[in-house]
Each structure stands twice: as structure tokens, then as C-alpha cells.
Amino acid sequence: MTDVVVIGAGPADLIAALCAADLGARVALVARTEFGGMMANDGPVPVRTLSQAARLIREARELGRFGVAVSESVLDYRRLLARVREVVDDVRSHVAVRERIDALGVTIHERAGTARFADPHTIVTESGLRLEADKIIICTGGVSRRLPLPGFELTSTHSDAWNLTSVPPSMLVVGGGDTGLQVASIFNAFGTRIQVLEAGPRILPHADDDVAAEVAAAFRASGMVVQENFGAIESFEKTATGVRMHFTKDGRRGSVEATLAVVAVGWVADTAGLSLSAAGVELNQRGFVKVDEYLQTSAPDVFAAGDVIGHLMLVPEAMQDGLVAATNAVRGPIMPLGNRVSPTGSFTDPEYAQVGLTEANARRTQDVVTAVVRFDSTTRTIIDGHKVGFCKLIADRKTSKILGCHVVGERAVDIVQVAAIAIAGGMRVEDLARVPLSFPTYAGILVNAAADAARQFGLTVLWQTLEGATVIASQATGKTKEVA
Ligand SMILES: Cc1cc2nc3c(=O)[nH]c(=O)nc-3n(C[C@H](O)[C@H](O)[C@H](O)COP(=O)(O)OP(=O)(O)OC[C@H]3O[C@@H](n4cnc5c(N)ncnc54)[C@H](O)[C@@H]3O)c2cc1C
């Protein structure tokens, strides 16, 4: 009998298998299809490849401003998809985890079909495999939410991008969250006419208010229609050239149509084929696998990790979950999830990213100061011609520790990684303001924002470049912090 069976082959699964084997367990991993899960095959890797193409197209348009003459770029979508496949294969073949898993003797059952529970210690797969284990870890990820509406089968998801033969002339993107906005931004750069339709009062409902407003404004400025509060969808119907969506708003009916309607209204746990009831595994109210802080499910010998538990649905989170679930499955409940500093962001144009608390959430519980530096006031953004956006730092007035960072603009995601390290290290704004980050860089804007925040704490900024600051304690305000 195997000690641990891991179901799935995405980032949560791979780390769970690796960690359980590293702890000495005999491990088997069962994947419905191929190795890599959503990350390698359908999510970040291929989507990021499309967004890199979108970026190159945008940058090609800028060449004239720098005195470089080229003819207009023309997108060959089939060639781009071939590039996506090359990248996916390349990434898959370089997954270092795979080598380590093999070296540790994990048995890998790829393309085994959907696995389901026969009882809390046994799974069977469509390919006829039957495995018994002391502990089972569910890492089956998630799938795009489907709406029970007439004609919904006429709609598309981001995954349909891989089957298109050309760029569609027009597209409805229903849902203004991270996935919808990435699809919208990419195809906007490819020349598709985009309408983003959001049912709520704003796009990016979980982002800082200013981030949502800035991204919406930038999307509109780039030619997309962004409609908030659009109403409630009634149905979809086929037209001669695509699909029409019917909706109601304030008792009145309306319709919009396009070549494609991409619906991105959330992500649900992929548990449909698992027969969870046979193992006694329960779902929570949101429909994700219910787990405690040790990632143990309602069945004591079954654990779960990654998107299937519905926490922050990101690759690094899934990997951390895999580590926690495997450790507790093998050693007993010794490793709680704990609080993580988790940066999030999207590779749209402009990019947006965040770490820590939004300003509204921070203000709900504590006295805070905020500092905002706009992209049109820093050297590197001016040099590169990327002047749209801002960096906002939020700090606790009592401790001057950084509580949150929100960035819109070029390289926002990378800038926020630096802020995440500062938050994880418990840095105060005056500490960050004194780090002489390289000049001229995008991340340098953080030092500027930190210096602005430090000023609000009564500290005097003696000297400041566009991206560098020296701060001293202000005698006038009686601040005694030793910062210079
Ligand atoms: C468009 C898009 C863009 C994204 N961009 C980013 C990004 O930029 N950065 C980031 O960090 N995250 C991103 N994500 C999220 C990221 O892909 C997921 O958070 C991550 O892949 C979750 O890992 P996981 O191991 O939980 O599940 P998955 O990667 O979904 O893997 C689950 C695996 O389980 C298999 N499986 C399911 N059911 C069964 C079954 N019954 N039997 C056997 N196998 C089964 C599936 O086939 C799959 O291989 C993106 C997602 C999408 C959709």
C-alpha cells in the first residue's frame, strides 16, 4: 500500500508529492492529463506568452518616437499559437520539480483520466487504475464558473483562445476580474474591439479603489468599452457572425453582440468527478473543499491544497499549500497555514498589482498614512515613455510599518514584489526610504513613496532624487527615530 496518493499534477500537487516523498513517504501522483496542471498548460504560462505578444505589438508602435523606423507590425495568430506551444513545452521540460520527484521515487500516473474516491483510502481512475493509501491529498484545482443560462454553451472561456484560428474582430468580456481583464487587454492589443461588461459597480472588486479606477480609465483610453453595473444576463443566442447577449437593467431589456463572448465570472473547485461523498469530504458554502488550518478535510485522512480549497488562487499559494498539506499528512497536524504575505497582480496594459491591505480595509481597523507617487514623476518611466500609473504605500501611523502597496503601470507586478519583501521583513517606511535602490529603475518609485510617507510621520527628507531619498529624524516634531 502507498503512504500518500496525490490527485492532480499542478503546482500544489507537485510540491505535495515532492514534500511527502522528501519526508520519507511512499508517494503516487495521479494526473488526469499531462504534467503541469493549469499553470503550465492553460493558465499563467500560455496566457503570459500571449500578453508578451501584446506587449511587443504595443512597443513596436513606440519605435517611431525613439527614431526607429519600421513598417507596421502584423500579427500572425497561428504563428503566435505555435510559439505558445513551444513555450509550454519548454517550461514543462524545465520543471526542476519533476526531476526531484523522479529522483525521490514518486510513482507518476500521467493521463490516468479522472480519479474518484471509492472510499476514504482508495481512488480509482478512468483508465482502470486502483490505488489505496493511508493518506490522500486532493489538488484538483478549479474550472471556470458556468452560468445556468439559456445559450450559455455559445460562450467562451480564456481556454478557447488556444483553438481560435484568427483574431476575432469583436469580443464581449463578461466579468471585470483578473482573468477577464487579461483576456480583454491582450485581444485589445491584437486589434479586437472589446466591451468589458461588469455586473458590479466597478471592475476589480478586490483591488484598492484607486487601482480599479485607474485601470478602468486606462482601458477606456486605449479604446475599450468598460461598462459597470451593466445589469443581469438573461440569455445568449447565436447570430450570423457570432453571439448576442440579452440582459435586463432596471426592468428594461437590452442586448449586445460580438464575434465572441468570453465569460470570466469566477472560478469553482474542480470536484465534479471526484465522488467526494464516498470519502466523507465536505464542501464549504462557496463550493470549495472545506479544510482546517492544517488543510485537513472533514475526512481525517484526506487533505486538500491549491485552487480546490478556494483561497488566493495563485501558483505560489498552491505550492505553499502543497507543502503544508503534505507535511501534515505525513507527520500529523504540525504545520498550520499561518499568515502569508501574498502579492497579486495581472499582466494587463497597464499592469496592476498589490500586496497587503487596501487603503479602505486598512482604514477600517487602524490609523494610517498613505503616500502616492505618480509614474509621470519618476525618471525611468519618463525615459521609457510609460507615464501612466502610480504607486501607493499605506503605513501604520503608530509603528510606521508598511501595511500595503498598490501599483498601476509598467512593471507593477515586479515593483510589488519588492514591497512584499519589505512587508515580510517588517520594514518601516523610513527604513525603505533609505535603501539606495538602483537608478533609474521602476522599483525606485517605492523609495519615493516611502519618503513621502516618512514626511507625513514628521521625518525630514533632507535630500531626494527622483528615485532615492535620504531621511533624517525631525527634531522639530520631537521624533526620536534613528534613521539617518
Ligand atoms: C487565465 C489564467 C491566468 C492565470 N495567471 C496566473 C498568474 O499569472 N500567476 C499565478 O500565480 N497564477 C495564475 N493563475 C492561477 C494558477 O494557474 C492556479 O492558481 C494554479 O494553477 C493552481 O494550482 P493547483 O495545483 O491548485 O491546480 P491546477 O494547476 O489547476 O492543477 C490541477 C490538476 O488536477 C487535474 N485534475 C482535476 N481533477 C482531477 C481528477 N478528478 N483526477 C485527476 N486529476 C484531476 C487537472 O487536470 C490539473 O492537471 C492563472 C489562472 C488562469 C485561469
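Let me sum up the structure you'll find in this document. (Residues numbered from 1 in each chain as written. Predicted model: local features only at pLDDT ≥ 70, side-chain atom pairs only at ≥ 80, totals over all residues. Heavy atoms only, no water.)

With respect to the pattern of salt bridges
1) Next: Per the counting criterion, the structure on display carries 31 salt bridges.
2) Next: Notably, a salt bridge pairs Arg202 with Asp209, separated by 2.6 Å at the nearest N-O pair.
3) Next: Shared partners join several salt bridges into a network, and the residues in it are Asp208, Asp210, Glu359, Arg363 and Lys392. (Salt bridge = Lys/Arg side-chain N within 4 Å of Asp/Glu carboxyl O.)

Notes on unusual backbone geometry
1) Next: In this model, Asp349 is joined to Pro350 through a cis peptide bond whose omega is 0°.
2) Next: Along the polypeptide, Pro350 turns up in the loop between strand 17 (344-346) and strand 18 (352-356).
3) Next: A cis amide bond links Phe439 to the next residue, Pro440, at an omega of -10°.
4) Next: Looking at the element boundaries, Pro440 is found in the loop between helix 12 (429-433) and helix 13 (445-456).
5) Next: In the Ramachandran plot, Ser275 falls in the positive-phi region, its phi being about 50° despite a non-glycine side chain. (Helix = DSSP H or I, 4+ residues; strand = E, 2+ residues; numbered from the N terminus.)

Notes on the pairing of strand 14 (residues 260-263)
1) Next: Here strand 14 shows a buried face lined by Leu260 and Val262 and a second buried face lined by Ala261 and Val263.
2) Next: Pairing of strand 8 (residues 170-174) with strand 14 involves four bridges; the strand directions are parallel. In the sheet register, Leu172 faces strand 14, and the bridge partner there is Ala261. (Buried < 20%, exposed > 50% of the residue type's maximum accessible area, 1.4 Å probe, protein only. Pairing = 2+ DSSP bridges.)

What to know about the packing of helix 1 (residues 11-22) against helix 5 (residues 96-103)
1) Next: Two numbers describe how helix 1 lies on helix 5: the axes approach to 9 Å, and their chain directions differ by 35°. Regarding helix 1 and helix 5, the two cross each other, and that crossing is left-handed. On the side of helix 1, the interface is formed by Leu14, Ile15, Ala17 and Leu18, while helix 5 contributes Val97, Arg100 and Ile101.
2) Next: Classifying every residue of the contact of helix 1 with helix 5 gives six nonpolar, no polar and one charged. (Axes fitted to C-alpha atoms, helices over the stretch in contact; angles between N-to-C directions. Left-handed = near helix turned anticlockwise from the far one by under 90°. Contact = heavy atoms within 4.5 Å. Nonpolar A, V, L, I, M, F, W, Y, C, P; charged D, E, K, R; others polar.)

Description of the sheet that holds strand 20 (residues 390-396)
1) Next: A sheet is described by the order of its strands in space; here five strands give the open sequence 17-18-21-20-19, paired in antiparallel fashion. The strands lining the two open edges of the sheet, one partner per strand, are strand 17 and strand 19 (368-374). Recorded for the sheet is a direction-independent mean angle of 10° between the axes of neighbouring strands.
2) Next: As defined by bridge partners, strand 19 adjoins strand 20 across seven bridges and the pair is classed as antiparallel. Residue pairing in the sheet places Val369 in a bridge with Ala395 of strand 20.

Regarding a nonpolar patch on the surface
1) Next: Among the surface-exposed residues, Phe66, Val68 and Val70 lie close enough to one another that they form a single nonpolar patch of about 280 Å² accessible area.
2) Next: Tracing the backbone through its elements, the reader meets Val70 in the loop between helix 3 (44-62) and helix 4 (77-93).
3) Next: Val70 sits in the exposed class, given a relative accessible area of 52%. (Patch = residues over 30% accessible without salt bridge, like charges linked within 9 Å, V, L, I, M, F, W, Y side chains within 5 Å. Areas by Shrake-Rupley, 256 points an atom, 1.4 Å probe, with all protein chains shown as cover.)

Details of the environment of Leu312
1) Next: Of note, Leu312 is situated in the loop between strand 16 (302-304) and helix 8 (315-331).
2) Next: Judged by relative accessible area, Leu312 falls into the partly exposed class, the value being 41%.
3) Next: Apart from the residues within four sequence positions on either side, Leu312 is in contact with Glu317, Ser342 and Thr344.

Comments concerning the packing of aromatic side chains
1) Next: Applying the stated criterion across every chain yields a total of five aromatic pairs.
2) Next: Plain terms: the ring middles of Tyr77 and Phe187 are 6.2 Å apart, the flat faces sit at 45° to each other, and that makes the pair tilted. With Tyr77 in helix 4 and Phe187 in helix 6 (residues 178-189), this pair connects stretches of sequence that are 110 residues apart.
3) Next: With a relative accessible area of 3%, Tyr77 lands in the buried category.
4) Next: Owing to a relative accessible area of 3%, Phe187 belongs among the buried residues under this scheme.
5) Next: Between Phe152 and Phe236, the aromatic rings sit 6.2 Å apart at their centres with planes inclined by 75°, giving edge-to-face as the arrangement. (Phe/Tyr/Trp six-rings, centres within 6.5 Å; stacked < 30°, edge-to-face > 60°.)

So, the sheet that holds strand 13 (residues 252-258)
1) Next: Read across the open sheet, the three strands follow the order 11-12-13; overall the sheet is antiparallel. Two strands close off the open sheet at either side, each with one partner strand: strand 11 (232-238) and strand 13. Here the average twist between neighbouring strands, direction ignored, is 25°.
2) Next: Pairing between strand 11 and strand 12 (residues 243-249): six bridges, direction antiparallel. Counterpart to Ala232 in the pairing with strand 12 is Thr248.

Fair warning: the whole summary comes from geometry, so function is off the table for now.
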